[in-house]
Every structure is written in structure tokens, then in C-alpha cells.
Amino acid sequence: MLVTINIFLKDGVLDPQGKAIQKALHSLNFDKVAEVKTAKQIKINLNENDKDKALELAKAMCEELLVNSVIEDYEILA
């Protein structure tokens, strides 16, 4: 089963990469851009057919390795 994990900064955490992208877009005359937030996506193909078990495994991976819970939040899609 393929699980997709989206990892993004928590509200209130500065996103310098997002600000740099926003500034670059403005310099290219995309003036309607109000805010840019960056995120990362990880796709993991698991040898698991049970959706609940796959989500449980993905959550454990996030909590143990993939996500810095101090500054990041995540969502898991299966």
C-alpha cells in the first residue's frame, strides 16, 4: 500500500524558503501572491494491505524519524 506523508512547518514557525520564493515571485511580477509556505512530501510503499495497519506504521515512522515534532506537523494519506 502506498502512503503519502506531507510534512509542513507549524503555524508561527518562520519559513525563510517560503519568504524567498514569495520575494522571487514578486520580482517576476506575480504580485497577487500573498504568502508561500513550503512543505515536503514522502511517499512510502509498504508491504501491508490493511489500511489501518499501514497508517499506524506510517505514524510510527513520522514520530520516530521523519518529523521534527517541535517545529513540524504532518498528515498521512493512504
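In case you missed it, the structure is sitting above this.
Residues numbered from 1 in each chain as written. Predicted model: local features only at pLDDT ≥ 70, side-chain atom pairs only at ≥ 80, totals over all residues. Heavy atoms only, no water.

J.: When you look at the sheet that holds strand E1 (residues 2-9) in this model, what are you seeing that I'm missing?
T.: Sheet strands pair by backbone hydrogen bonding; their relative direction is either parallel or antiparallel. As summarised here, the arrangement of the three strands in space is E2-E1-E3, forming an open sheet in which the pairing is antiparallel. Looking along the sheet, the strands with just one partner apiece sit at the ends: strand E2 (39-45) and strand E3 (72-77). The average undirected angle you get between the axes of adjacent strands in this sheet is 20 degrees. Taken together, the six bridges between E1 and E3 define a ladder with antiparallel strand orientation. Counted as the bridge partner of Thr4 is Leu77 from E3. (Pairing = 2+ DSSP bridges. Helix = DSSP H or I, 4+ residues; strand = E, 2+ residues; numbered from the N terminus. Axes fitted to C-alpha atoms, helices over the stretch in contact; angles between N-to-C directions.)

J.: Got a minute to help me understand the environment of Ala54 in this structure?
T.: Looking at the element boundaries, Ala54 is found in helix H2 (residues 51-66). Separated by 24 residues in the primary sequence, Ala54 and Ala78 place their C-alpha atoms 7.8 Å from one another. If we ignore the near neighbours within four places in the chain, the residues touching Ala54 are Met1, Val3, Leu46 and Glu48. (Contact = heavy atoms within 4.5 Å.)

J.: How should I be thinking about the side chain of Asn6 in this particular structure?
T.: When you line up the elements, Asn6 lands in strand E1. Classification of Asn6 as buried rests on a relative accessible area of 14%. Within polar-contact distance, the side chain of Asn6 engages the side chain of Gln41 at 2.9 Å. Of note is the side chain of Asn6, whose polar atom sits 2.9 Å from the side chain of Glu75. Excluding anything up to four places from it in sequence, Asn6 contacts Lys40, Gln41, Asp73, Tyr74, Glu75 and Leu77. (Buried < 20%, exposed > 50% of the residue type's maximum accessible area, 1.4 Å probe, protein only. Polar contact = N/O pair within 3.5 Å; in protein donor to acceptor, adjacent residues only side chain to side chain.)

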